[in-house]
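# Survey of secondary and tertiary structure
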Amino acid sequence: LPVPFRAIATDLSTRDLVVIGTGDLAQAVRASFAIPLVFAPVRIGDRVLIDGGLALNVPVSVARAMGAERVIVSRMDNSVETPQEIGSTLGTASSLIGFLFLQPPDSLHESDVMIATKVAQYGQLDFAPAQVASLVQEGYDRANAVLRSASCVPAPSPPRRVADLPAIVGEIAPVSESLVDAMAELGELRVRRGAALAIDSLKRGAQRISYSDPFQGVWLNPVSDDSARLGFRPQFIDRPRLSIGVGVDYVTSLGGHLWTGIINRRLAGTRAEGTALLEVSEIRQQVELGARRTSSLLGLTTHPTARVTLAREQVRFYGAGRTQLAPHEVDEARVLLGFERALSWGGRYRWGLESHLWKGRDEPLLNAVGAPLPSHPHPIAAYALATAAYDSLRAHERNDVMADGASMIFVHGARTPRAIVLVHGLTNSPRQFRELAELFYDRGYNVIVPRLPLHGLRTADVASLGALTADAYRDYADGAVDIAGGLGDSVFVMGLSAGGNVASWIAQRRPDVTRVVVIAPAIALGKLPALLDAPAMNLMERVPSITIRQKADTGRRHAYFGVSTRALGETLRFAATVRADAEQDAPAVHDLTMVTNANDRTVDPASALALAALWQSREGVRISYFTFDVALRLPHDLIDASQRCGMPDAVYPVLIALVEKQPVVTPTAASRCDP
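Keep in mind that this is a model prediction, so the values were computed, not measured. (Residues numbered from 1 in each chain as written. Predicted model: local features only at pLDDT ≥ 70, side-chain atom pairs only at ≥ 80, totals over all residues. Heavy atoms only, no water.)

Further remarks concern the sheet that holds strand E2 (residues 17-20). Hydrogen bonds along the backbone pair up the strands of a sheet, which may run parallel or antiparallel. Read from one edge of the open sheet, four strands run E2-E1-E4-E3, paired in antiparallel fashion. Two strands bound the open sheet, and with one partner strand each, they are E2 and strand E3 (42-44). Strand-to-strand twist in this sheet, taken as the mean axis angle between neighbours without regard to direction, amounts to 50°. As defined by bridge partners, E3 adjoins strand E4 (residues 47-51) across three bridges and the pair is classed as antiparallel. Bridge assignment links Val 42 to a residue of E4, and that residue is Leu 49. (Pairing = 2+ DSSP bridges. Helix = DSSP H or I, 4+ residues; strand = E, 2+ residues; numbered from the N terminus. Axes fitted to C-alpha atoms, helices over the stretch in contact; angles between N-to-C directions.)

And the structure:
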């Protein structure tokens, strides 16, 4: 510096005087006014430093040790003519802070100057900008008044020349206990070795770091590499590893509001940050758990975030004349997976995937993507009307549907004691069930295999399924059962995968069905953690449909090959409505069978068994279970006889026995392949 400068601080552990004459100027000044309990201490080297006034409030001796012959002392005069009001808490605190810095002044010589500025009218801890500006002006005016009459003031001299800053950024070597986090945050400074030094940009970068999550600031520690380059040894200031907060306030809409939270910035000894927040008010109680960590994405510091929120709220209702009605209790849950990024002014923005569920007392669970799907039955009693309805269905398919993809019916020319509806899976077609349908027909059933909406089209393009909806599944299920009611005295239903979802919905909603066999329903995806089921469904529901095409199997031209994310999302939503219904009400069909495949890698068998357990818990419901052994290595599609890995000779007898309530012979045949 052109003028020699020393900052005075106090060693917190020993109360020794510390004179700082090297290093980062801003850091030294910050340490010199780190008032205890007001500003955080500053660590420089191995020492933790606080306000120098506790060791030597007026460091005249330090100035003389540097060679000063005459000293100008500026001090704040807090004296008041009347004593402080007794019992005033703020007044007592202000006096205590004043006592901390009250020390005998060093001796002043005759040629020294004392500038005392009256500041009793200012609060000790009042840092409002207007107050600070007024205080500075008071000191400036008082100094002018004193120095005009001082005899020791030397004659004006030309100002000392300040060397220009180097124009180029030199070496940058960050310092931090968490060097990985420091490297991620380093980009926020917007400085790069060899680039031009932009002071304004550097200031904004330092401000951005002060709002970051792992750090509360940075000391730049500029170092002159040479006359042309300015290097930096940025020392990142870590936030406390553990922070706890408690607060209370009053919100007009919520009443009294109490909150307490904790942040652990080294969760389980890792670099992840864990948070917990509990909020309690008159009408809402909420707990929130979260975890995140610092990383770099596209050159920006971001924080991958996971957050779970559970809440209960008394929702208020008002009638005519603003009359308050009885409140309605609602339970709410949110799961967020995404990213956060701090903004330079202290705010932050978040983007990601959030699942939001809520449930009123004695009401079904709702999801942000839709409500339950009730049945709209129009049962057909007469055989002739049922076959006419099927003929109308086929007539609508004639122009757009491939021959092998069309709906199928196998009837004996009259109503039979038993009729069965077979429901194929997503991306397949009724052809999937043809061989099994013929076996049921040979056993005296009238059989209908209706085509799921948008399946089996001549285009054979899986993208067609992007328009599929859960409502369309519901309408399909109602129509299939309506027709089957005219084909047989008793109606049975069997469905696989998405068809298993349809069968499950029928079990929950259609009391005119005798028995339902659900096979490997697509309630949840096989390799996805349960926590991500709802977020994945919401994402597929809300973003534009993505089509993933796969190489076609020339031996199975009746099927699509690939997946539509929108169709998959709607299939999962349809299953979610069935699960929500089952949580509230008993199934309409009381004779049920749940079939799972232990080797299934496409859907989650545990979700199917969880639905079955809900049904089983209802009085009067009879449910049986069967699981195909993993040793059979069956694929998810265990029905389609044209599938390379299918084993119809082993599977079909089991399914027929389950429909007819006959003893089941567990298959032991060797697998055809490892799917």
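Next comes the rest of the write-up.
Let us look at the side chain of His 424. In this structure, His 424 sits in the loop between strand E22 (416-423) and helix H8 (434-442). A distance of 2.9 Å separates the side chain of His 424 from the backbone nitrogen of Leu 452, its partner in a polar contact. If we skip the residues at most four places from it in the chain, His 424 touches Ser 429, Pro 430, Gln 432, Phe 433, Pro 450, Arg 451, Leu 452, His 455, Leu 496, Ala 498 and Gly 499. (Polar contact = N/O pair within 3.5 Å; in protein donor to acceptor, adjacent residues only side chain to side chain. Contact = heavy atoms within 4.5 Å.)

Our focus in this paragraph is the side chain of Thr 571. Secondary-structure assignment places Thr 571 in helix H12 (residues 565-584). A residue is classified by how much of its surface remains accessible, and Thr 571, at 1% relative accessible area, is buried. Within the structure, the side chain of Thr 571 is placed 2.8 Å from the side chain of Tyr 473, a separation counted as a polar contact. Contacts of Thr 571, omitting those with residues within four sequence positions, involve Leu 426, Leu 468, Tyr 473, Ala 498, Asn 501 and Ala 522. (Buried < 20%, exposed > 50% of the residue type's maximum accessible area, 1.4 Å probe, protein only.)

Turning our eyes to something else, we now look at the sheet that holds strand E10 (residues 229-232). The strand order E7-E10-E9 describes an open sheet built from three strands, whose pairing is mixed. Of all the strands in the sheet, just strand E7 (168-172) and strand E9 (222-226) have a single pairing partner and so form its edges. Direction aside, neighbouring strands of the sheet carry axes that sit 35° apart on average. As judged from the four bridges shared by E9 and E10, these two strands associate in the antiparallel manner. Bridging across to E10, Pro 222 finds its partner in Phe 232.

What follows is about a nonpolar patch on the surface. Nonpolar side chains collect at one region of the surface, where Leu 242, Ile 244, Val 246, Val 248, Leu 258, Ile 262, Leu 278, Val 280, Val 287, Leu 289, Val 308 and Leu 310 lie side by side and expose about 1,100 Å² of accessible area between them. Every element with two or more residues in the nonpolar patch is listed here: strand E12 (242-251), strand E13 (255-264), strand E14 (273-281), strand E15 (284-292) and strand E17 (300-315). Per element, the largest residue contribution to the nonpolar patch is four residues, and it comes from E12. For Ile 244, the position within the fold is in strand E12. (Patch = residues over 30% accessible without salt bridge, like charges linked within 9 Å, V, L, I, M, F, W, Y side chains within 5 Å. Areas by Shrake-Rupley, 256 points an atom, 1.4 Å probe, with all protein chains shown as cover. Salt bridge = Lys/Arg side-chain N within 4 Å of Asp/Glu carboxyl O.)

Looking now at the environment of Arg 350. Secondary-structure assignment places Arg 350 in strand E19 (residues 348-360). Overall, the relative accessible area of 41% leaves Arg 350 in the partly exposed class. On a C-alpha basis, the gap between Arg 350 and Thr 302 in space is 9.7 Å, while along the polypeptide they are 48 residues apart. A distance of 2.9 Å separates a polar atom in the side chain of Arg 350 from a polar atom in the side chain of Glu 340.

A few words on the nonpolar core. In terms of nonpolar packing, the biggest core is built from 58 residues, with Val 502, Ile 506, Val 516 and Trp 615 touching the most fellow members. The element contributing the most residues to this core is helix H9 (residues 470-484), with eight residues. Counting residues in hydrophobic clusters, the runner-up holds 35 residues, among them Ala 437, Val 517, Ile 519 and Ala 650. (Core = buried A, V, L, I, M, F, W, Y, C linked by side-chain atoms within 4.5 Å.)

Now for the environment of His 328. Tracing the backbone through its elements, the reader meets His 328 in strand E18 (residues 328-342). Residues His 328 and Gly 360, 32 residues apart in the sequence, show an inter-C-alpha distance of 7.3 Å.

The general pattern is negative phi for most residues beyond glycine and trans for most peptide bonds. A positive phi is found at Asn 221, a non-glycine position, where the angle reads about 50°. Its location among the elements puts Asn 221 in the loop between strand E8 (215-219) and E9. Its relative accessible area of 16% is what places Asn 221 among the buried residues. Phi angles above zero are rare outside glycine, and Ser 497 is one such case at about 60°. If you trace the backbone, Ser 497 turns up in the loop between strand E24 (488-496) and helix H10 (498-509).

For the pair helix H11 (residues 533-542) and H12, interaxial distance at closest approach is 8 Å and the crossing angle is 130°. Between H11 and H12, the interaxial angle falls into the category oblique. Judged by the twist between their axes, the crossing of H11 over H12 is left-handed. For the pair H11 and H12, contact is made by Met 537, Met 540, Glu 541 and Arg 542 and by Thr 565, Arg 566, Leu 568, Gly 569, Glu 570, Leu 572, Arg 573 and Ala 576, respectively. (Parallel < 35°, antiparallel > 145°, perpendicular 65-115°, else oblique. Left-handed = near helix turned anticlockwise from the far one by under 90°.)

Moving on, we come to the pattern of salt bridges. In total, this model carries 38 salt bridges according to the counting rule given. Put simply, Glu 435 and Arg 431 hold a salt bridge, and the shortest N to O gap is 3.1 Å. What makes Arg 431 buried here is its relative accessible area of 10%. Asp 581 is the salt-bridge partner of Arg 509, the closest N and O atoms lying 2.9 Å from each other.

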